[in-house]
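One-letter residues, chain by chain:
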There are 10 protein chains.
Amino acid sequence: MISNRDEVTQMILSAKVSKGIKWKQVAEAVGLSKEWTTAACLGQMTFDKAQAETVGKLFDLSDEAVAWLQIVPSKGTGGIPTDPLLYRLYEIVSVYGGSIKELIHEEFGDGIMSAIDFSLDIQREPDPKGDRVNMVMSGKFLPYKRY
Amino acid sequence: MISNRDEVTQMILSAKVSKGIKWKQVAEAVGLSKEWTTAACLGQMTFDKAQAETVGKLFDLSDEAVAWLQIVPSKGTGGIPTDPLLYRLYEIVSVYGGSIKELIHEEFGDGIMSAIDFSLDIQREPDPKGDRVNMVMSGKFLPYKRY
Amino acid sequence: MISNRDEVTQMILSAKVSKGIKWKQVAEAVGLSKEWTTAACLGQMTFDKAQAETVGKLFDLSDEAVAWLQIVPSKGTGGIPTDPLLYRLYEIVSVYGGSIKELIHEEFGDGIMSAIDFSLDIQREPDPKGDRVNMVMSGKFLPYKRY
Amino acid sequence: MISNRDEVTQMILSAKVSKGIKWKQVAEAVGLSKEWTTAACLGQMTFDKAQAETVGKLFDLSDEAVAWLQIVPSKGTGGIPTDPLLYRLYEIVSVYGGSIKELIHEEFGDGIMSAIDFSLDIQREPDPKGDRVNMVMSGKFLPYKRY
Amino acid sequence: MISNRDEVTQMILSAKVSKGIKWKQVAEAVGLSKEWTTAACLGQMTFDKAQAETVGKLFDLSDEAVAWLQIVPSKGTGGIPTDPLLYRLYEIVSVYGGSIKELIHEEFGDGIMSAIDFSLDIQREPDPKGDRVNMVMSGKFLPYKRY
Amino acid sequence: MISNRDEVTQMILSAKVSKGIKWKQVAEAVGLSKEWTTAACLGQMTFDKAQAETVGKLFDLSDEAVAWLQIVPSKGTGGIPTDPLLYRLYEIVSVYGGSIKELIHEEFGDGIMSAIDFSLDIQREPDPKGDRVNMVMSGKFLPYKRY
Amino acid sequence: MISNRDEVTQMILSAKVSKGIKWKQVAEAVGLSKEWTTAACLGQMTFDKAQAETVGKLFDLSDEAVAWLQIVPSKGTGGIPTDPLLYRLYEIVSVYGGSIKELIHEEFGDGIMSAIDFSLDIQREPDPKGDRVNMVMSGKFLPYKRY
Amino acid sequence: MISNRDEVTQMILSAKVSKGIKWKQVAEAVGLSKEWTTAACLGQMTFDKAQAETVGKLFDLSDEAVAWLQIVPSKGTGGIPTDPLLYRLYEIVSVYGGSIKELIHEEFGDGIMSAIDFSLDIQREPDPKGDRVNMVMSGKFLPYKRY
Amino acid sequence: MISNRDEVTQMILSAKVSKGIKWKQVAEAVGLSKEWTTAACLGQMTFDKAQAETVGKLFDLSDEAVAWLQIVPSKGTGGIPTDPLLYRLYEIVSVYGGSIKELIHEEFGDGIMSAIDFSLDIQREPDPKGDRVNMVMSGKFLPYKRY
Amino acid sequence: MISNRDEVTQMILSAKVSKGIKWKQVAEAVGLSKEWTTAACLGQMTFDKAQAETVGKLFDLSDEAVAWLQIVPSKGTGGIPTDPLLYRLYEIVSVYGGSIKELIHEEFGDGIMSAIDFSLDIQREPDPKGDRVNMVMSGKFLPYKRY
């Protein structure tokens, strides 16, 4: 009996290590970006039927687990992360957040950058002084409604 | 008597509204990106002497305030933001953080993306379905030392 | 010297009590709904120039304060409210939140109800067993992007 | 041995996925609104005997589980939600809460909107610019007693 | 300029000490119970015009302060109290809360005891082993609506 | 192997539902008030040997469980409750706490109402406008020692 | 205008430093222990009229401040202390708390050590390996009432 | 497989109840004070080999459990206690902490009372008005190093 | 099925106690410092294949566990530690943090000491007044980028 | 009127910026290490009379401020730091804390590294790949007392 999506995420993580599968392979099999596919495998996005079955085959999941991959999950890990890599992302929000807010409002007026109509692309940028992580975030600007 | 950098930030914010100055104008005067310059005006980065004097003139700051702009500030606002625009940034970390961690490690191995040797670029991306906010983050990859 | 929007909100609240102004009168003068106008007076929305001047006249605000009303504010009070009326709103989210999530996903699939492209209408509903508060919330459904 | 209602909620959620049942079907079988019925299935309301048995048949629950559905549960999930859909509901309280309080007091005087003598109705509102979620909340106004 | 009710509460507390006024005297002047009157003076309830003027005279408050006494305040101190007397009240909820919940549901079914249609009476109960504090709380039972 | 009282509380709650026992029946069997007996069954008070055996028979508990009922438990659930009925109790402390403190000190001087030498009585008070919950709390006044 | 006891505590601390007064001198003047007297000066206990006047003379306090010394204060600093000396006291509770609970219950049965009918005595204990701090706490045992 | 000390503590507590052992008996068998021995059994101190074997025999522990008793545990329960007896200890720190700090500094200068080179002794003090709990804490004074 | 690194850490800790292995022996077998090796065994660093197999042999781990040792773990325990030894480390940051920040900035300008390009060395320093713990931390200075 | 040490710290920080004084100069004038002296200026240590007067002259402090420098301050900033430099120190405790605990216990047995009988030395370590920050911490080992 599976009663939440987290149990399926744990099955995927366990199978991934014992089978030595890479996220990029999963993304190719599913036919979407590695960013969206990884997020979906980690229980943050919803697969359609065909995608769920593809993922199920790669990780040897039961039918019940495949059914759960098509259920909208409870998302977000919340809190302030303790893992150093995750904390750096949080720190960027903490240090640069105010400036991002000021500059978006200066350019667009009152509103937000959507985190739903949103995409993310992570690339390695070769650099002689040490390669860099390049992250491109693209979110639709949503203006506050006046009524 | 000024005893911390926050007081200078408040002077800048107050003068900015009454004088109607834009962050882009400040950045041009200082000769650096709008992202770094805004962060510095908001008390998150340190100006050198010439930059501090330029900023001081734009905002009519006292010599004491200009001296404080050259002192390394206490950075970061911390906490979980309540402002909707800021919260969306935090939510991206909460929803996508685990995936970003997995993908960086898959590409680079154990380590982090630096938030210090780091730059940020925010652009408007025109889109017929509604313009988008485009944020490019570039941080040096730092591998964990084995010793 | 005004250095944040909260100071203007306090001026408005103070003038509202001594002058005996009602929120509905402000809304009529501004020409928008009472819900949006009150939110804007409380520092949660941004007035345009004409609206800000109207509000400024009603509450006898200085030019500096009127300028601040046109600056996008830092929004949200955050936390878990202690005021009983506000707590009941929070409790509805706590008790019904899971059900609202299930029913929106059942109807629309994966996505959210926007809190930005959003409007609110509060009405008194007469009832012989005791009048009721009727709140209508309308938010655009935003589907999660697959990419 | 079942020792709290959460265990029954997990049984329902598990059976719902494997059987592919919809909340609307449950509501029809029970004969009440989809909002109340879903809340009750998620452990936030109390079923009477007939309703509990109906739900028990739909989800193949044991007699012990059916007995627990008739016990008043411990309600509310509390905290600040991390799921984006739930967070937007919380954000509406955070951004609009003060205004709702002002407008209810302006209309009714000192008191609250009940979250107990309360009903909720969620509908899809077709809109050419994108369908909307429409939520109607109706709660009895309760005036503070003077004594 | 007064911009919130707390400032008025502080004026009352200050005047109470320098004038040596007792809460019972205030209650008698206002013509209501000592419990409600004290709560109102501490910024938890709303006075009507006549009551506010009576209180204003007793404590030598300005007209502006008297106007604020008629505004519905933001109520509740929240948090977990540190004062030993207040903590004991909280501890009673922490130790006996579950039992109170069980017994009210056993007697009344699903619902709550109102904290709005509520009154409180505190009396000294003489006792040879040491006098006791007697607190009577009376709140209307509100059943959960089924719809 | 039972290693804490909570496990026994869960056994009691489970047996109570499947056997359909009422707290009042337990109290009668034990020969004490329903308030104290319920609190003890929920792991907040300590039974003596005879009482524990009575309770053990009613709920079919093992000898080990009966032994645990005679061990002083770790008490208090702490935190701020999310269940609406429990929250109303907490809200009364939050809204009325300051007034209770003022009135007890006005009557008794510096000290507290004991939560140990304390009793609680909950009754239904019939009322044509809707029955009321009546809670009487009686706690010994303990003056602060001067030394 | 003084509106809370903390302001008086700050006056005392300020005068204590500029006048070079010792807590022991204050205790002697008041005629009570140094522990109780210091606690009272720090806003944790209530002076009677004669004691308050003595303290007022020592620290050159105004009549209004002397009146406040006779008002029961809001006690307790709460939280987890950051000062190393205070933290060690907290750590003793954290490390030894469970053992103290076990041993008091083994000796006395169910109940608590009063923190109200309580006294504290701090002495220097000479020791060739380094002098020791000796703290004696004495609190009345209060048994839980059965009813 | 035992992977932390807490599991051993739970074995000890379980055996203590079923065998009816007293902490004083354990202390006598071990040959140390009841305070230190109880703390060690509760996972706050480290037994040597002989002591661990003695404890193991008393509570019928496995060899693996006896080995864990000799491993330095992770100590401290942290947080703010909810159990009334434990809370009173915390409250003493909250109410008297500032005074203890002042008096130790007045007597010894800058430094702390050690919580490591520390002992505790708990005794029943007979008193006609009700027996008292007497706790003697003795900790070495450690002066802050100047360098 | 292993689904996270913590499970492997618990296997290592359990085997370490039953086999009586020392961290220094593990470090020698792995061929790296005792500080890095212990951190890696506790789930804070990533082993390469050869190192993981060495560790696996020492602690009799399964192939699946050995595979997990080569996966980058989720690091950091977060929170404020309650264990006295760990708390002292936290206290040093709390008491000396501001001074460390000032002195690093005075020497190096704006930037940080890396916690990634970082090493740690712990030694016993014999001292007639009591041996000392000597910890040497070495982290690369990373200057903030201006762009 | 100065009523706490923080006010003096702010005076020092303000004077330091306007006079352009370096911490190393202060340390030389005082005749102690730069680490201890900076900590003392930031309100974490206690100066003796001669040191306080030296510091007072350097920063043009009043006699009252100089008196406060000789009073033992309330130490520690507590919380989890948001400043990136400070956070890295906290992160080292979070990531390496468990390992430090294991290694100190392996070497010394049960006890702690003192944070009171403690010294700190910060040096720049030249390195062709980028200079490093070198921090040496030396704290007396304190064994837990058995009694």
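Residues numbered from 1 in each chain as written. Chains lettered and ligands numbered in written order. Predicted model: local features only at pLDDT ≥ 70, side-chain atom pairs only at ≥ 80, totals over all residues. Heavy atoms only, no water.

Considering the environment of Phe141(F)
Thinking step 1. Residue placement: Phe141(F) occurs in strand E2 (residues 132-143).
Thinking step 2. Here Phe141(F) falls in the buried class, since its relative accessible area comes to 9%.
Thinking step 3. Each C-alpha atom, one on Phe141(F) and one on Ala115(F), is 9.7 Å from the other, the two residues being 26 residues apart in sequence.
Thinking step 4. Setting aside chain neighbours within four positions, we find Phe141(F) in contact with Asp131(E), Arg132(E), Val133(E), Ile104(F), Phe108(F), Gly109(F), Asp110(F), Gly111(F) and Ile112(F). (Helix = DSSP H or I, 4+ residues; strand = E, 2+ residues; numbered from the N terminus. Buried < 20%, exposed > 50% of the residue type's maximum accessible area, 1.4 Å probe, protein only. Contact = heavy atoms within 4.5 Å.)

Some details on helix H6 (residues 84-108) of chain F
All names here are of chain F.
Thinking step 1. Over its 25 residues, H6 extends 33 Å from the first C-alpha to the last, a length consistent with the 36 Å expected when each residue adds 1.5 Å.
Thinking step 2. The axis of H6 is deflected most strongly, by about 60°, at Tyr96.
Thinking step 3. Most of H6 is tucked away, with 21 of its 25 residues classed as buried.
Thinking step 4. Sitting at the head of H6, Asp83 places a side-chain oxygen 3.1 Å from the backbone nitrogen of Leu85.
Thinking step 5. Just beyond H6, the residue with positive phi is Gly109, at close to 85°. (Expected span 1.5 Å × (residues − 1). Bend = angle between axes of the 7 residues up to and from the residue. Polar contact = N/O pair within 3.5 Å; in protein donor to acceptor, adjacent residues only side chain to side chain.)

Points about the relation of the copies chain C and chain D
Thinking step 1. When chain C is fitted to chain D, the best match, at an RMSD of 0.0 Å, comes from turning it 180° and sliding it 0.0 Å along the axis. On the angle and the small slide along the axis, the relation comes out as a two-fold axis. Residue Val136(C) of chain C places its C-alpha closer to the rotation axis than any other residue of that unit, at 2.3 Å. (Least-squares fit on C-alpha atoms with pLDDT ≥ 70 in both.)

Structural notes on the UniProt feature "domain: Cyanate lyase C-terminal" (unreviewed entry) in chain A
Thinking step 1. Sequence positions flagged by UniProt for "domain: Cyanate lyase C-terminal" (unreviewed entry) are, in local numbering, residues 75-147 of chain A.
Thinking step 2. Annotated as residues 75-147 of chain A, this span is 34% helix and 37% strand, and its ends, taken at the C-alpha atoms, are 31 Å apart. (UniProt positions renumbered as here; feature names shortened; annotations may be inferred.)

Thoughts on the side chain of Ser14(G)
Thinking step 1. If you trace the backbone, Ser14(G) turns up in helix H1 (residues 5-19).
Thinking step 2. Apart from residues no more than four positions distant in its own chain, Ser14(G) is found in contact with Met1(J), Ile2(J), Ser3(J), Glu64(J) and Trp68(J).

Here's the deal with the pattern of salt bridges
Thinking step 1. Within this structure, the stated rule accounts for 110 salt bridges over all chains.
Thinking step 2. Where Lys49(G) meets Glu53(G), a salt bridge forms, and the shortest distance between an N and an O atom there is 3.0 Å. Of this pair, Lys49(G) and Glu53(G) are both found in helix H4 (residues 49-59), four residues apart, which corresponds to roughly one turn of the helix.
Thinking step 3. Between Arg124(G) and Glu107(H) there is a salt bridge whose closest N-O contact spans 2.8 Å. Residue Arg124(G) is found in strand E1 (residues 111-125), and its partner Glu107(H) is found in helix H6 (residues 84-108); the two belong to separate chains. (Salt bridge = Lys/Arg side-chain N within 4 Å of Asp/Glu carboxyl O.)

Here we look at the interface of chain C and chain D
Thinking step 1. If you look at the interface, chain C gives 68 residues, while chain D gives 69 residues.
Thinking step 2. Note on chain C versus chain D: buried area summed over both sides is about 6600 Å², and carbon and sulfur give 65% of it.
Thinking step 3. Considering only the surface of chain C that becomes buried against chain D, Leu85(C), Tyr96(C) and Val133(C) emerge as the three largest contributors, covering 11% of it.
Thinking step 4. Between Asp83(C) and Lys101(D) there is a salt bridge whose closest N-O contact spans 2.9 Å.
Thinking step 5. Across the chain C-chain D interface, the total number found is 32 residue pairs in polar contact (both at pLDDT 80 or more).
Thinking step 6. Those elements giving two or more residues to the side of chain C that touches chain D turn out to be helix H2 (23-30), helix H3 (34-41), helix H6 (84-108), strand E1 (111-125) and strand E2 (132-143) of chain C.
Thinking step 7. Residues belonging to the side of chain C that touches chain D are distributed by class as follows: 31 nonpolar, 17 polar and 20 charged.
Thinking step 8. Inspection of the sheet shows E2(C) paired to strand E2 (residues 132-143) of chain D by nine bridges, in the antiparallel sense. Following the sheet pairing, Lys140(C) is matched in E2(D) by Arg132(D). (Buried area = accessible area lost by both parts, 1.4 Å probe. Nonpolar A, V, L, I, M, F, W, Y, C, P; charged D, E, K, R; others polar. Pairing = 2+ DSSP bridges.)

Quick word on the interface of chain E and chain F
Thinking step 1. Taken together, the contact pairs 69 residues of chain E with 69 residues of chain F.
Thinking step 2. Among the residues chain E hides against chain F, the three largest losses belong to Leu85(E), Tyr96(E) and Val133(E). Together they make up 11% of the total.
Thinking step 3. Linking chain E with chain F are eight salt bridges, by the criterion used here.
Thinking step 4. With a shortest N-O distance of 3.1 Å, Lys24(F) and Glu107(E) are connected by a salt bridge.
Thinking step 5. Counting every contact that joins chain E to chain F gives 32 residue pairs in polar contact (both at pLDDT 80 or more).
Thinking step 6. Put simply, the parts of the chain that give the side of chain E that touches chain F at least two residues each are helix H1 (5-19), helix H2 (23-30), helix H3 (34-41), helix H6 (84-108), strand E1 (111-125) and strand E2 (132-143) of chain E.
Thinking step 7. Among the elements that take part in the side of chain E that touches chain F, H6(E) stands out by supplying 24 residues, more than any other.
Thinking step 8. Taken together, the residues of the side of chain E that touches chain F break down into 32 nonpolar, 17 polar and 20 charged.

Some points on the arrangement of the chains
Thinking step 1. No part of chain D reaches chain G; the closest C-alpha pair between them is 20 Å apart.
Thinking step 2. Taking C-alpha atoms only, the smallest gap left between chain B and chain H, which are not in contact, amounts to 20 Å.

Let's talk about the sheet that holds E2(F)
Thinking step 1. In space, the four strands of this open sheet follow the order E1(E)-E2(E)-E2(F)-E1(F), with antiparallel pairing throughout. A single partner strand is all that each edge strand has here, and the edge strands are E1 of chain E together with strand E1 (111-125) of chain F. Pairs of neighbouring strands in the sheet enclose a mean axial angle of 20°, with direction left out of account. (Axes fitted to C-alpha atoms, helices over the stretch in contact; angles between N-to-C directions.)

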